[in-house]
Amino acid sequence: MASRKKLLLIGLLMVAIAALAACGPGGGGGGSTTGQTINVEGGEFFYQPVDINAKPGERVNVNFKNAGTVEHTFVIKDINFKLVAQPGQTVKGTFTAPSAAGTHEIHCDVPGHTEAGMIGKLTVVAANN
Ligand SMILES: [Cu+2]
């Protein structure tokens with residue numbers, strides 16, 4: 001019985017750690033060298049690149065540059081990640097990719113912009129060697 005309890009506890013701990021890793025957009029300082037860095041531009045009304053790929057659980061540093069003339073955002077709603085950039089501004093942020101393979105919409109949540117075409121896609125793909 002005791003060992004079963006222990007296993008359950010370890011399981012709960014792992015879930016808690018995974019949850020913590022999933023919801024922290026990080027942002028700010030850090031200085032971590034792990035993961036990848038992606039430079040994305042947003043403007044009227046596009047993202048460049050449109051498609052971003054990441055490995056499950058990978059840390060992704062985003063440098064989001066507003067190349068347009070009005071405010072734009074970079075939102076991955078599924079993981080509560082959002083960057084807001086004023087015209088000419090580059091905003092940095094870090095998110096942890098979901099642990100499961102799949103696709104997640106990226107969009108600009110300034111009213112009308114998604115409809116106008118500011119949509120991208122985050123694809124989480126397991127590395128296949
Ligand atoms: Cu926009």
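Structure shown above.
Okay, so let's go over this structure. Because the structure is a prediction, the values reported are computed rather than measured. (Residues numbered from 1 in each chain as written. Predicted model: local features only at pLDDT ≥ 70, side-chain atom pairs only at ≥ 80, totals over all residues. Heavy atoms only, no water.)

**Section: the overall build of the protein**
And then number 1: Along the backbone of the protein there are 2 helices and 9 strands.
And then number 2: The 129 residues of the protein split such that 33% are buried.
And then number 3: For the protein, restricting intrachain contacts to residue pairs at least 6 apart in sequence, the fraction spanning at least 24 positions comes to 59%.
And then number 4: Carbon and sulfur atoms form 59% of the exposed surface of the protein, whose accessible area is close to 7,800 Å². (Helix = DSSP H or I, 4+ residues; strand = E, 2+ residues; numbered from the N terminus. Buried < 20%, exposed > 50% of the residue type's maximum accessible area, 1.4 Å probe, protein only. Contact = heavy atoms within 4.5 Å. Areas by Shrake-Rupley, 256 points an atom, 1.4 Å probe, with all protein chains shown as cover.)

**Here's the deal with the pattern of salt bridges**
And then number 1: All chains considered together, the criterion is met by 2 salt bridges.
And then number 2: The shortest N-O distance in the salt bridge between Glu-58 and Lys-55 comes to 4.0 Å.
And then number 3: By relative accessible area, which is 13% here, Glu-58 ends up buried.
And then number 4: Notably, a salt bridge pairs Lys-82 with Asp-109, separated by 2.8 Å at the nearest N-O pair. Residue Lys-82 is found in strand 6 (residues 81-85), and its partner Asp-109 is found in the loop between strand 8 (102-107) and helix 2 (113-116); the two are separated by 27 residues along the sequence. (Salt bridge = Lys/Arg side-chain N within 4 Å of Asp/Glu carboxyl O.)

**Topic: the coordination of the copper ion**
And then number 1: Here the copper ion is held by the protein donor atoms His-72 (ND1), Cys-108 (SG), His-113 (ND1) and Met-118 (SD), which lie 2.0 to 2.5 Å from it.
And then number 2: The coordination sphere of the copper ion comprises 4 donor atoms, whose angles at the metal cover 88 to 136°; the geometry is irregular.
And then number 3: Donor residues for the copper ion, ordered by position in the chain, follow H-x35-C-x4-H-x4-M.
And then number 4: Met-118 sits in the buried class, given a relative accessible area of 0%. (Donors = N, O, S within 2.8 Å, 3.2 Å for Na, K, Ca; no water. Tetrahedral: all angles 85-135°; square planar, octahedral: opposite > 155°, others 65-115°.)

**Some words on the packing of aromatic side chains**
Two measures describe an aromatic ring pair: the distance that separates the ring centres and the angle between the ring planes.
And then number 1: A complete count under the given rule lists 5 aromatic pairs for this structure.
And then number 2: Taken together, the aromatic side chains of Tyr-47, Phe-64, Phe-74, Phe-81 and Phe-95 make up a single cluster linked through ring pairs. (Phe/Tyr/Trp six-rings, centres within 6.5 Å; stacked < 30°, edge-to-face > 60°.)

**What about the side chain of His-113?**
And then number 1: Here His-113 shows up in helix 2.
And then number 2: Among the residues examined, His-113 registers a relative accessible area of 8% and is labelled buried.
And then number 3: The contacts of His-113, once residues within four sequence positions are left out, are Phe-45, Val-70, Glu-71, His-72, Cys-108 and Met-118.

**Description of the sheet that holds strand 2 (residues 46-48)**
And then number 1: Taken together, the 4 strands give an open sheet; going across it, the order is 2-1-4-7, and neighbouring strands pair in mixed fashion. Strand pairing shows two members of the sheet lacking a second neighbour, strand 2 and strand 7 (90-96), which therefore form its edges. In this sheet, neighbouring strand axes are inclined to one another by 25° on average, regardless of whether the strands run parallel or antiparallel.
And then number 2: Alignment of strand 1 (residues 36-43) against strand 4 (residues 59-66), held across 7 bridges, turns out to be parallel. Counted as the bridge partner of Glu-41 is Lys-65 from strand 4. (Pairing = 2+ DSSP bridges. Axes fitted to C-alpha atoms, helices over the stretch in contact; angles between N-to-C directions.)

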